[in-house]
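# Analysis of the macromolecular model
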Amino acid sequence: MDSRQIFNTLIRTDPFNKLETDVLKAFCEKVTLREYKPNMYVFRQGEPSQDCLFVILSGFVEITVSNDRGIETVMGLRRIYDFFGETVVLSGLNYPGAAHVKDNLVCCLISRKDLEELLYHHPEFSGFFSMLLAERVRMLYKEIITERSYDSYLQPGNVESALFRKRVSEIMSYPVITCQISDKVTEISKIMAEKDINAIVALDNEKKPRGILTEKNLVRYLIASQIYPVGECRVGHVMYSNLAEIGPEAFIGQALVAMMRSKTKHLIVMERGWLVGIVGMMDLIKTQSTGTLLLTRDIETQPDLNGLISISREIGNILNAMISEKAAVHEIFDVTSELHERLTRRVIQLSEEQMRLEGFGSPPVEYCWINMGSAARYEQTFGTDQDNALIYEDSEDGNIENTERYFARFAEVVINNLVRCGFALCEDNIMATHPNWRRSYAGWLALIERWKTSYSPEDSRIITTLLDYRSIWGNTSLSEKLWKNIAAAVQFSLNTGMFADNDNFEYKLPLTSLGTFITEKKGLHQNEFDLKKVATEYIIKGIRLFAIKHNIHEPSTFGRLKRLKEINALSEEDIENIEESFESLMMLHIRENIKKIRQGRRPDNYIDPYSLRKKERLILKRVLSGVSLLLELVNQEFKGAWLKRFVS
């Protein structure tokens, strides 16, 4: 392998592509090459520095770090045109992590001396290299802090396989067996049989993935339906084209959520626009994520409510497993909320069948069942109280009474069945059984129009609650049309200063001037405070206001923050601070409730701050200050009584 190939690699690698061509060509003469076989280690954690920088010419490597218990965590992946070993090449210290070869690897080795010369004589190269190094150190620090924050909650003897710290790259299949979309299925099915695989990725003429051909496709289109003549059928005719993809650096928990959301059994693994692997349901099952996947399948196939009641108890076990396996907050939210949502959908389906058995027949008009609150925001963990509503189409004048009678009974059936599955009744009666939360589409519009002129406290409470909703079952166009009307009405009141006055909304930290926590002095929650009321709720409502202003129809707090970041509605620094505060608060909420459940107590929103470790109390104080900072931003953007209605 000559210096031309080395040059072609370095010219595509940051920051070497910042060098002038003549300088880079001369530099390539100093570079040596080394090959490594799969499963070898280029270096191991704790070994002395080899005094060189490794630039990948072909293959890829995992950068891993082991904790004091010997549990290895993948911190990053390095592929062609990446470099690694940068943290010690200049310092000469021991390696803080390991480089584990995953595929035949060829590296350009750049000596410490030669690298120092580049840094000294080429300021642009030096500046870019320093920036990349700082970013990687920052990401590594963030990973380590996350790891330690989980460890602080894990009980001795309760550490499992760290499934949600594993990366997709550790379980994906590679190299990927592919075909062309123009290939005949008769030929490709022979390849699938020879390779003993049940799916193959179909590429277009530019080698980009365009679909997946599975055994299920072949059976469905060529055997069961016989839509195409077998001898003439091409892959493009019968492949599944709605591809779901994920990156190799993603955690397995994220792959699990992506598979559940997309209702597929395969994910293609993409990096920089290139296909680098494929992950199937069986890959996840082999990693012991069987419980969640099978639970999802069981929910959808249960023939009666008794089966769902049994399954609902298993969701708590999944939550415990994810906590033990160090899942991130958003992963916990995604998985548990998805399971609760699927459970709710199946309850509604079975409730429709129950209505038919009771003699009510099928729904007289189209309807949409919506969830509100934490369920809508995809922030469910434990079985929370019900917050739901019902929208149904307007009916003919002569059928209005029958329609109302049907949906009144239907709401009762669904709510009662949800209670049997562990979803408690809402203490505030925000449920479809109450007429306020069960209306025709015209009835909902009438409420909005009335609110726009009266702004009564009761109507305001309903409108505020509806700012977080998600359609669960039925005709989703009803909920989409209703949301547009709600958003327009709220934006109108916001833009016209309908509630404006000169008073800012004041947030009082639950801290004294001496920095001690302010807790309840007596009663059931003596020496505790409600974490939701003093912190979490303000983040949810504050971010909701910014989302409404910018016409973002995304109910989840994390999703809203992501969209606000994309449109530069808030600074990147503010977004990061708010995200970290919200994630810390929710993880504290989850873990403290796990402790209560283990003690035989019911989960709630209260915490005793002095039962936390000193480090955790400091984190809590910092997070509460972050809430205060957010509300300062809210006060700058929105004024007066409007805030008191929609934030307080």
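Remember, predicted model here, so these are calculated numbers, not experimental data. (Residues numbered from 1 in each chain as written. Predicted model: local features only at pLDDT ≥ 70, side-chain atom pairs only at ≥ 80, totals over all residues. Heavy atoms only, no water.)

Okay, empty space enclosed by the protein next. Counted under the stated rule, the structure contains three cavities of 30 Å³ or more. In this structure, the largest cavity occupies an estimated 150 Å³ of space. Elements with a contribution of two residues or more to the lining of the largest cavity: α12 (329-357), β15 (367-372) and α13 (373-376). Looking at the lining of the largest cavity residue by residue, the class counts come to five nonpolar, nine polar and three charged. (1 Å grid on protein atoms, 1.4 Å probe; cavity = no way out; pocket = protein on both sides within 12 Å on 5 of 7 lines; lining within 4 Å. Points joined across faces, edges and corners; volume = space filled by probe spheres on them. Helix = DSSP H or I, 4+ residues; strand = E, 2+ residues; numbered from the N terminus. Nonpolar A, V, L, I, M, F, W, Y, C, P; charged D, E, K, R; others polar.)

With that settled, the discussion passes to the sheet that holds strand β18 (residues 469-474). Sheet strands pair via backbone hydrogen bonds, and the direction of the pair is either parallel or antiparallel. One open sheet holds the four strands; their spatial order is β17-β16-β15-β18, and the pairing between them is mixed. Strand pairing shows two members of the sheet lacking a second neighbour, β17 (438-440) and β18, which therefore form its edges. Within the sheet, the average angular offset between the axes of one strand and its neighbour, ignoring direction, is 25°. Pairing analysis gives five bridges linking β15 to strand β16 (residues 388-392), with the strands arranged antiparallel. The partner of cysteine 368 across the bridge, within β16, is isoleucine 391. The sheet contacts of helix α14 (residues 400-420) involve β15, β16 and β17, and relative to β16 the element is tilted by about 150°. (Pairing = 2+ DSSP bridges. Axes fitted to C-alpha atoms, helices over the stretch in contact; angles between N-to-C directions. Contact = heavy atoms within 4.5 Å.)

Two numbers describe how helix α18 (residues 531-549) lies on helix α20 (residues 572-598): the axes approach to 11 Å, and their chain directions differ by 140°. In terms of axis orientation, α18 runs oblique to α20. The hand of the α18/α20 crossing is left-handed. Contacts between α18 and α20 involve Leu531, Ala535, Thr536, Ile539, Ile540 and Ile543 on the former and, on the latter, Ile578, Ser581, Phe582, Leu585, Met586, Leu588 and His589. Residue classes in the contact of α18 with α20 are distributed as ten nonpolar, three polar and no charged. (Parallel < 35°, antiparallel > 145°, perpendicular 65-115°, else oblique. Left-handed = near helix turned anticlockwise from the far one by under 90°.)

So, on to the environment of glutamate 29. The topology assignment puts glutamate 29 in the loop between α2 (21-28) and β1 (32-36). Taking C-alpha positions, glutamate 29 is 6.2 Å from serine 3, a pair spaced 26 residues apart along the chain. Only 3.3 Å separates the side chain of glutamate 29 from the side chain of serine 3, close enough to count as a polar contact. (Polar contact = N/O pair within 3.5 Å; in protein donor to acceptor, adjacent residues only side chain to side chain.)

Taking strand neighbours across the sheet as the criterion, the four strands line up as β1-β8-β3-β6 in an open arrangement whose pairing is antiparallel. The open sheet has two free edges, formed respectively by β1 and β6 (83-84), since each of these has just one partner strand. Bridging between strand β3 (residues 52-58) and strand β8 (residues 105-111) involves six bridges; their strand directions are antiparallel. For isoleucine 56, the partnering residue across the bridge sits in β8 and is cysteine 107. Docked against the sheet, helix α1 (residues 3-10) engages β1, β3 and β8, running at close to 95° with respect to β3. Where helix α4 (residues 112-121) meets the sheet, it contacts β3 and β8, and its direction lies at approximately 65° from that of β8.

Let's shift gears to the pairing of strand β4 (residues 61-66). With five of six residues buried, β4 is to be regarded as a mostly interior element. Here β4 runs beside strand β7 (residues 98-101); their pairing, made up of four bridges, is antiparallel. The partner of valine 61 across the bridge, within β7, is valine 101. (Buried < 20%, exposed > 50% of the residue type's maximum accessible area, 1.4 Å probe, protein only.)

With that out of the way, let us pick up the side chain of glutamate 528. Along the chain, glutamate 528 turns up in the loop between α17 (476-495) and β19 (529-530). You can call glutamate 528 buried: its relative accessible area is 11%. There is a polar contact of 2.9 Å between the side chain of glutamate 528 and the side chain of histidine 525. Those residues in contact with glutamate 528 that lie beyond four places of it in its chain are Thr519, Glu520, Arg601, Tyr606, Ile607 and Asp608.

Glancing now at the packing of aromatic side chains. Taken as a whole and judged by the stated rule, the model has 21 aromatic pairs. Ring geometry for phenylalanine 517 versus phenylalanine 529: centroids 6.0 Å apart, planes at 40°, classification tilted. Taken as a pair, phenylalanine 517 in the loop between α17 and β19 and phenylalanine 529 in strand β19 lie far apart in primary sequence, twelve residues in all. Judged by relative accessible area, which is 4%, phenylalanine 529 ranks as buried. A ring pair is formed by phenylalanine 558 and phenylalanine 582, whose centres lie 5.3 Å apart and whose planes are at 70°; its orientation type is edge-to-face. Separated by 24 residues along the polypeptide, phenylalanine 558 in helix α19 (residues 557-566) and phenylalanine 582 in helix α20 bring together distant segments of the chain. Neither residue differs from the other here; phenylalanine 558 and phenylalanine 582 are each classed as buried. (Phe/Tyr/Trp six-rings, centres within 6.5 Å; stacked < 30°, edge-to-face > 60°.)

Counting residues in hydrophobic clusters, the biggest one holds 78 residues, and the most contacted among them are Trp369, Phe410, Trp444, Leu466 and Ile486. Considering each element in turn, this core owes the most residues, eight residues, to α14. The residues contacting leucine 466, other than those within four sequence positions of it, are Ile370, Met372, Trp437, Trp444, Trp483 and Ile486. Ranked by size, the runner-up nonpolar core spans 44 residues in total, among them Val329, Leu511, Ile590 and Phe638. (Core = buried A, V, L, I, M, F, W, Y, C linked by side-chain atoms within 4.5 Å.)

We now examine the pattern of salt bridges. On inspection of all chains with the given rule, the structure shows 24 salt bridges. For the salt bridge of arginine 544 with aspartate 468, the shortest nitrogen-to-oxygen distance reads 2.8 Å. Separated by 76 residues along the polypeptide, arginine 544 in helix α18 and aspartate 468 in the loop between α16 (457-466) and β18 bring together distant segments of the chain. One exposure class covers both arginine 544 and aspartate 468, and it is buried. Through salt bridges that share partners, Arg377, Glu379, Asp468, Arg544 and Arg560 make up one connected network. (Salt bridge = Lys/Arg side-chain N within 4 Å of Asp/Glu carboxyl O.)

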